[in-house]
Amino acid sequence: MRVLMLGWEFPPFISGGLGTACYGLTRGLDRLGTRVEFVLPRAVASPETSHVRLLTPAQMVYRAAQGGLAGTNRTLSDRDRQLEEDFQQTFFHQVGVRFSPYMRPEDPLGTTAETGGRESTTAGEWELAADFGGGPPASRLRGPGGLRVADLGGNAPAGAHYGGDLHSEIARYTELVCAVARSIRFEVIHAHDWMTFSAGIAVSRLTGKPLVVHVHSTEFDRSGLNINQQIYDIERAGVHCARRVIAVSHLTRNIIVKHYGVDARKVDVVYNAVDDNGDAAAEIMEPIQSEDKIVLFLGRITMQKGPEYFLYAAKRVLEVMPNVRFVMAGSGDMARRMIELSASLGIGHKVLFTGFLRGDDVKRVYRMADLYVMPSVSEPFGIAPLEAIANDVPVLISKQSGVAEVLTHALKVDFWDVDEMANKIVAVLRHPPLHATLRDHGAIEVRRFSWTDAAANCLKVYRKAVA
């Protein structure tokens, strides 16, 4: 099976669960012998245009073509070796567009809804680098005036000079993906979340190949009832044009059927997983010592994740247990409001805001926590609780999450019930046997979640789509 995969984030450039899921699924497919052509939007500033210097998946494309780190003296890092080992049948294509993970149409171009900060790419300088037929990067696209398309086998993309808005960038991404699709062989298209749906539809119409769309989150999860109509229309077109739809939980499947009018028979549920190799670095890392108990929130600080309910519960916990610290790790459009809320509740001195974490810092914060809390208002799945359990941290999750469907050894609460949330936090922190039971049984349970199994389920969906 040959798969054209369309995504918009991938480690090490990762902002959330979608990147983790894309990495795990792609690695699982690779292990099952599936050829994956992964198209990844990545805009890079001019000082960073070497794909060897950048620690991006495009390095692997270049090595596959050249048999090594041609043109550089840099030795392979442990991360590079791991990437090469994980991906033997996967080829990555980078297309130069300027949208970023978790952007909204109302966000200024070059920002993310998660951080609100500018990326390094300037508005007038971007680059397209794609591998065609297993060769080295074949063409480069720089600036508003300098487009080389000889190797694309066509004229300059009509979207090459789009203006600075998100939907224009998505249109440009769509045209560049079509250019890549003309030069490679594949049997099915797998598009992740709404930013890639238009490209998936276009490639399907161009090639006649079946489209599978993977819904990791819907506009109703992100915005409640205050949906963005443009995003909803794109999502609805994607799920209706697709031959098959993959949902990350039955919760998400029900939303797709109810709010998007999709026939339930064409929606398959494929649960997410956690790293099935474990994490050696986390296992050998010593927990941070502290006299205080530590309760962790790790995720985007947005309406969807329910950060205010975490703080309201923290206020109630501190009324009966003053020796507790609350860590809010992440960033997002509600970060400033949460800092102000913690101050107004009189618990600012007990709440630590770390900002966005990645890599070893994520491992460290898990290892120092006594309890992980995910109070999401609407969570299609939720990979973070699986990661917490894999790091020996008990979890308390909202009943309004997809992961609640599959986790047995976890405490569950309605996101809005802050009194019950506080009671359960106190119970875990005060009673070591409860803590140990959740930790030990959770560690056994989480072994059932394998990305290879998830990839095998995706292959079943591909076969349905092709048939």
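Only a predicted model underlies this, so the values are computations on that prediction, with no experimental measurement involved.

A. Structural context of the sheet that holds strand β6 (residues 188-192). With parallel pairing, seven strands are arranged side by side in an open sheet as β3-β2-β1-β6-β7-β8-β9. A single partner strand is all that each edge strand has here, and the edge strands are β3 (90-95) and β9 (267-269). On average, adjacent strands in this sheet sit at an angle of 20° to one another, irrespective of strand direction. Bridge count between β6 and strand β7 (residues 211-215): four bridges; the pairing is parallel. Within the sheet, the bridge partner assigned to A191 lies in β7 and is V213.

B. Region of the structure containing helix α10 (residues 307-320). Taking 1.5 Å as the rise per residue, α10 with 14 residues should run 20 Å; its terminal C-alpha atoms sit 21 Å apart, in good agreement. Contacts from the buried residues of α10 go to β10 (293-298), β11 (324-329), α11 (335-344), β12 (351-355), β13 (371-374) and α14 (418-430).

C. Molecular detail of the nonpolar core. One finds L4, L6, L296, Y372, L407 and Y462 to be the most contacted residues of the largest nonpolar core, which totals 98 residues. If we ignore the near neighbours within four places in the chain, the residues touching L4 are E37, V39, A181, I184, F186, V188, I189, H190 and V203. With 32 residues, the next largest nonpolar core counts F297, L311, L318 and L341 among its residues.

D. Molecular detail of the confidence of the model for the chain. In this model, the chain carries a mean pLDDT of 78, and residues with pLDDT of at least 70 account for 72%. Under a pLDDT of 50 for its full length, residues 111-164 has, in the predicted model, 139 contacts with residues more than four places off or in other chains. Counting contacts from residues 277-289, a segment whose pLDDT is below 50, to residues more than four positions away or on other chains yields 14 contacts.

E. Highlighting the sheet that holds β13. Ordered in space as β12-β11-β10-β13-β14-β15, the six strands form an open sheet in which the pairing is parallel. Both outer strands of the open sheet, β12 and β15 (411-413), are each paired with one neighbouring strand and no more. Strand-to-strand twist of the sheet, defined as the mean angle between neighbouring strand axes without regard to direction, takes the value 20°. Pairing geometry for β13 and strand β14 (residues 395-398), over three bridges, is parallel. Along β14, the bridge assignment pairs M374 with I397. Contacting β10, β11 and β13, helix α12 (residues 360-368) crosses the sheet at an angle of about 140° to β10. Taken strand by strand, α14 contacts β10, β11, β13, β14 and β15, and its axis lies near 165° from that of β15.

Criteria and cut-off values
- Residues numbered from 1 in each chain as written.
- Predicted model: local features only at pLDDT ≥ 70, side-chain atom pairs only at ≥ 80, totals over all residues.
- Heavy atoms only, no water.
- Pairing = 2+ DSSP bridges.
- Helix = DSSP H or I, 4+ residues; strand = E, 2+ residues; numbered from the N terminus.
- Axes fitted to C-alpha atoms, helices over the stretch in contact; angles between N-to-C directions.
- Expected span 1.5 Å × (residues − 1).
- Contact = heavy atoms within 4.5 Å.
- Core = buried A, V, L, I, M, F, W, Y, C linked by side-chain atoms within 4.5 Å.
- Buried < 20%, exposed > 50% of the residue type's maximum accessible area, 1.4 Å probe, protein only.
- pLDDT = per-residue confidence, 0-100.

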